Amino acid sequence: MTLQTSPPATPTGPVRNTHDVLSGARRHQSAQRRRMILILAAITVVLFAVSVLLGSYTVTIPDFFRILGGADIPGATFIVMENKLPRAVIAVLIGVAFGLAGTIFQTMLRNPLASPDIIGISYGASASAVAAMVLFGAAGVAVSLSALIGALAVAGAIYFLSRRGSVAGYRLILVGIGFAAVMHAMVSFLLTRTDIRTASDAMVWLNGSLNSSNWDRATILVLALLLLIPAAAVLSRGLRGLELGDDMAASLGLKVEPSRLGLITVGVALAAVATAAAGPVAFVAFLAGPIARRLVKGAVSLTAAGLVGAVIVLAADFVAANMIPGVSLPVGVVTGVLGAPFLLWLLVTANRSGQGG
């Protein structure tokens, strides 16, 4: 008498159907994400064109391409090549940098308040730049370099003071807010000890302004982002792991502390170079990540966040430059008006859901 063994069980119809449904849903979400990124890229291009072609001085599209081809149109060539075009280029670059920096910090620390302009990094850049202006009479590149050094120094201090075995998100945020308060007080003190002209120049820089944009700053930004954006892309795998929490990330084989340190370094560098180029443009880093997350249906997308940051800065700068005839406001004034209500709304909704502390 022989024993007959039954063949191995094959997946049943319902199991196979469930797998197909989940795969289809993931493909649909991925397609939606790509569509939204393309839409954001198109909006960025349109706003870039509006910034260059329209405003207080209007340039036609044929004239714009003639100027790019080397034609010398009296008045128009200088305005486009030395004012409008570098301003629009820097607006896109700092928007991308702030958007990426904010999303890296907010995702890594799992807190929408954890952006560079909330946790003290931008304040460190501001205090260093204002100190250079007031104490040493610095201007131009020297102010930008001081801001870069200040942002990196404060970020390093925040990281090491919040580290106790490992860096906990809430500790880093609290230490950062403490540093922000100290840096803000330092800036206020310095402004009271200087002459009115220097204080006026410092206030323009502190509000974040693109009025002094030039090709030298644009070149430095391009070179920095060519290094930092690929680094952010490489580290994005660690970012997705840290979003799940340290224990889960470690169980997935992620080296938590090295990954976090790498992400902090890249995020700080992105915020620092953007702040050095245009000043601490308020709330761009804070707004870009949450808006991008809503547009791509809850997913974390550095590409979407960078494009949202570019859209915010381009739109805000166009409004700032043309809202009052004959006056070009700092772009940070407009982004501040946008960001403050969003911050209040975020705090109210977080408290209602039991997350506000």
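The rules behind each value
- Residues numbered from 1 in each chain as written.
- Predicted model: local features only at pLDDT ≥ 70, side-chain atom pairs only at ≥ 80, totals over all residues.
- Heavy atoms only, no water.
- Helix = DSSP H or I, 4+ residues; strand = E, 2+ residues; numbered from the N terminus.
- 1 Å grid on protein atoms, 1.4 Å probe; cavity = no way out; pocket = protein on both sides within 12 Å on 5 of 7 lines; lining within 4 Å.
- Points joined across faces, edges and corners; volume = space filled by probe spheres on them.
- Nonpolar A, V, L, I, M, F, W, Y, C, P; charged D, E, K, R; others polar.
- Expected span 1.5 Å × (residues − 1).
- Buried < 20%, exposed > 50% of the residue type's maximum accessible area, 1.4 Å probe, protein only.
- Core = buried A, V, L, I, M, F, W, Y, C linked by side-chain atoms within 4.5 Å.
- Contact = heavy atoms within 4.5 Å.

(A) Local environment of the environment of Met 183. For Met 183, the location among the structural elements is in helix α6 (residues 169-192). Sequence separation between Met 183 and Ala 127 is 56 residues; the distance between their C-alpha atoms is 5.7 Å.

(B) Focus on empty space enclosed by the protein. Applying the stated criterion across every chain, the model contains one cavity of 30 Å³ or more. In this structure, the largest cavity spans a volume of roughly 50 Å³. Around the largest cavity, the lining residues are Phe 105, Ile 119, Ile 121, Ala 155, Ile 158, Tyr 159, Leu 172, Ile 264 and Val 268. Broken down by secondary-structure element, the contributors of at least two residues to the lining of the largest cavity are α5 (141-162) and α10 (256-278). With three residues, α5 is the largest single contributor of residues to the lining of the largest cavity. Looking at the lining of the largest cavity residue by residue, the classes come out as nine nonpolar, no polar and no charged.

(C) Helix α4 (residues 121-136), seen in detail. With 16 residues, α4 extends 22 Å between its outermost C-alpha atoms, agreeing within 8% with the 22 Å of an ideal straight helix rising 1.5 Å per residue. With respect to burial, α4 is a largely interior element, 12 of its 16 residues being buried. Taken together, the buried positions of α4 are occupied by Ile 121, Ser 122, Gly 124, Ala 125, Ser 126, Ala 127, Ala 129, Val 130, Ala 131, Ala 132, Met 133 and Val 134. With its phi angle positive at about 65°, Gly 137 sits one or two positions after the end of α4.

(D) Layout of the nonpolar core. If you look at the biggest cluster of nonpolar residues, it comprises 100 residues, and the most contacted ones within it are Ile 94, Phe 105, Met 108, Val 130, Leu 210 and Leu 270. Apart from residues no more than four positions distant in its own chain, Val 130 is found in contact with Val 187, Leu 190, Leu 191, Ala 202 and Leu 206. Core analysis: the second largest hydrophobic core is formed by 10 residues, Val 59, Phe 64, Ile 67 and Ile 73 among them.

(E) Main features of unusual backbone geometry. In the Ramachandran plot, Arg 110 falls in the positive-phi region, its phi being about 55° despite a non-glycine side chain. For Arg 110, the position within the fold is in the loop between α3 (76-108) and α4. Given a relative accessible area of 54%, Arg 110 falls into the exposed group. Positioned with a positive phi, Phe 283 is a non-glycine residue whose angle comes to about 70°.

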